Amino acid sequence: MIILGIESSCDDTSVALLDITDKEIKILAERTASQIEIHKKYGGVVPEIAGRLHAEKITPLIETVHELTQIKKPDVIAVTSGPGLITGLLVGIESAKTLSYLWNVPIVSVNHIEGHIYSPFINNDTIFPLPTSHFPLLALIASGGHSEIILSTEERKYERVGGTKDDAAGECFDKVAKLLGFDYPGGPKISKFAETGDPQAIKFPRPMIDSDNFDFSFSGLKTSALYWLRDHKLSAMKINPINLIAGIFGVQKEEVTINDFCASFEQAIVDLLVSKTLKAVKKYQPKTVILGGGVSANKKLRETLGSEIKLQSPNSLFLIPFSLYSMDNAAMIAVAAYTHAKNKNFTQHHFFSSKKSSAGFTNWKNLQANPNWKIAH
Ligand code: KG4
Ligand code: ZN
């Protein structure tokens, strides 16, 4: 099945054409335009600017992907309808509607979180065929906009078992990075500095870590980081390798470096995410555990969750996306759409005759952006 994926829910305009069967996912062409360089100046994503940039980029990207493959038209158009920024979602949706009308091709309206859940299946070692054998599946999706633990007992069926009560994990990384003077998005920079820091140097709180549920909270941690920076000074460099001459430069051995701060802060986020995910793993005994979303690019999180699952739930298969597919991308949207489209009848009658959406497909007339679309309650 040839699927055209369209993603524009945040700050990446992404278009991909995939050939998907139960046995294999082939990426025929994909193009993503990142807006990071523009939003950097403002310290975060500015919705109005994001909308304008998506509108500028989307048609050229569709054209390029089309030209690269020379495929006349896909079998299905997959588009992110939510959750996300309304200014971005509308651009993807209007493009999908127009193409659906012009090409007479059905649309699958995809939840962005569902896309992240399917992102690890895009790889070269074909863990594919897609899921039937992978359920129950438990996913931790952590990004700039979301941090949720989702249980899926069968294809297209989702239950939210836990998640953040306030900020998303990526948002917390980005806000604290801003306090340190790092450009947006600060998550990758914090984790880079953390590599050579001491994760025990500062005892940051782990809000809700002992609560009797699968929820976590990051706003207290963020505030605690803010107060720590207000009340202390960071030394710019690690002096351990030159212990003997510590003091000569006015730097005391016990001073906390920026690397230590980043490592301690990162450790607190990783501890929170890992402990609640493991708690859910113990309760639901999933066959597959998935880590997805932008924060899944974090090395410490990948390694810690991976090794803990190996230890505590050795029968669960732990899947993470290639770094490229941790970030927002259209390929994962196409893969998620495949699970909705694969058993459906593609006749024109099936998707254009009814005013309502037929299961799996949405008539272009009914397609709407839903910035707060919850994958499950
Ligand atoms: O999924 P994504 O591309 O966009 C949203 O849907 O939000 O995630 C972007 C988020 C940003 O908050 C970014 O700082 C975070 O993912 N991120 C990281 C790392 N790489 C990206 N956070 C921590 N460590 C990383 N290595
Ligand atoms: Zn995302």
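Everything that follows concerns the structure shown earlier in this document.
Basis of the calculations
- Throughout, a residue's number is its position along its own chain's written sequence, starting from 1.
- Whichever chain is written first becomes A and whichever ligand is written first becomes 1, with later ones labelled in order.
- Local features in this predicted model are restricted to residues whose pLDDT is 70 or higher, and side-chain atom pairs enter the listing and the counts only when it is 80 or higher, whereas totals over whole chains, interfaces and linings include all residues.
- Excluding hydrogens and water, the side-chain figures rest on all heavy atoms present in the structure.
- Note on conventions: DSSP H or I runs of at least 4 residues are helices, E runs of at least 2 residues are strands, and numbering of each starts at the N terminus.
- One less than the residue count of a helix, multiplied by 1.5 Å, gives the span that helix is expected to have.
- Relative accessible area decides the class of each residue, using a 1.4 Å probe on protein chains only: under 20% of the type maximum gives buried, over 50% gives exposed, and in between gives partly exposed.
- Only nitrogen, oxygen and sulfur atoms within 2.8 Å of the metal, or 3.2 Å for Na, K and Ca, are treated as donors, and water is left out, so sites may look incomplete.
- The convention used is that axes are lines fitted to C-alpha atoms, helices contributing only their stretch in contact, and that angles between N-to-C directions extend from 0 to 180 degrees.
- When describing relative orientation, an angle under 35 degrees is termed roughly parallel and one over 145 degrees roughly antiparallel, while 65 to 115 degrees is termed roughly perpendicular and anything else oblique.
- Each crossing gets its hand from how the near helix is turned against the far one by less than a right angle, where anticlockwise is left-handed and clockwise is right-handed.
- Should any heavy atoms of two residues lie within 4.5 Å, those residues are counted as being in contact.
- Residues are grouped as follows: nonpolar covers Ala, Val, Leu, Ile, Met, Phe, Trp, Tyr, Cys and Pro; charged covers Asp, Glu, Lys and Arg; every other residue, Gly included, is treated as polar.
- Any two strands between which DSSP finds at least two bridges are classified as paired.

## What to know about helix H8 (residues 258–284)
With 27 residues, H8 should cover 39 Å at 1.5 Å per step; its first-to-last C-alpha distance of 39 Å lies within 8% of that length. Counted residue by residue, H8 has 21 buried out of 27 residues, so it is predominantly covered. Downstream of H8 by one or two residues, Gln285 has phi in the positive range, about 45°.

## Some points on the coordination of the zinc ion (ligand 2)
Around the zinc ion (ligand 2), the donor atoms from the protein are His112 (NE2), His116 (NE2) and Asp328 (OD), and they sit 2.1 to 2.2 Å away. Summarised as a motif, the one-chain spacing of the donors to the zinc ion (ligand 2) is H-x3-H-x211-D. With His112 in helix H4 (residues 112–118) and Asp328 in the loop between helix H10 (323–326) and helix H11 (330–341), this residue pair connects regions lying 216 residues apart in the sequence.

## A short note on the packing of helix H2 (residues 47–69) against helix H3 (residues 86–103)
Contact geometry of H2 with H3 gives a least axis separation of 7 Å together with a crossing angle of 25°. For the element pair H2 / H3, the angle class is roughly parallel. The element H2 and its partner H3 pack so that their crossing is right-handed. Contacts between H2 and H3 involve Pro47, Glu48, Gly51, His54, Ala55, Ile58 and Ile62 on the former and, on the latter, Thr87, Gly88, Val91, Gly92, Ser95 and Leu99. Tallied by class, the residues present in the contact of H2 with H3 amount to 6 nonpolar, 6 polar and 1 charged.

## A closer look at unusual backbone geometry
Note the cis peptide between Gly82 and Pro83, where omega equals -10°. In this structure, Pro83 sits in the loop between strand E4 (76–82) and H3. Between Phe135 and the following residue, Pro136, the backbone shows a cis peptide bond with an omega angle of -5°. Backbone geometry at Asn104 places phi at a positive 65°, although glycine is not the residue there. Turning to its location among the elements, Asn104 is positioned in the loop between H3 and strand E5 (107–111). The backbone of Met208 sits at a positive phi, close to 70°, despite the residue not being glycine. The residue Met208 is located in the loop between helix H6 (187–194) and helix H7 (219–231) in this model. We classify Met208 as partly exposed; its relative accessible area is 26%.

## Thoughts on the sheet that holds strand E9 (residues 288–292)
Neighbouring strands of a sheet are bound in pairs by backbone hydrogen bonds; such pairs are parallel or else antiparallel. Spatial strand order, E8-E7-E6-E9-E10: 5 strands in an open sheet with mixed pairing. Strands at the two margins of the open sheet, each flanked by one partner only, are strand E8 (157–163) and strand E10 (317–319). Each adjacent strand pair in this sheet contributes to an overall mean axis angle of 20°, direction not counted. Bridge count for strand E6 (residues 137–142) against E9 is 5 bridges, and the pairing is parallel. Residue pairing across strands places Leu138 opposite Val289, the latter belonging to E9. On top of the sheet, H8 reaches E6, strand E7 (147–154), E8 and E9; it is set at about 165° to E6, its chief contact.

Limitation: the analysis is restricted to geometry and does not speak to function.
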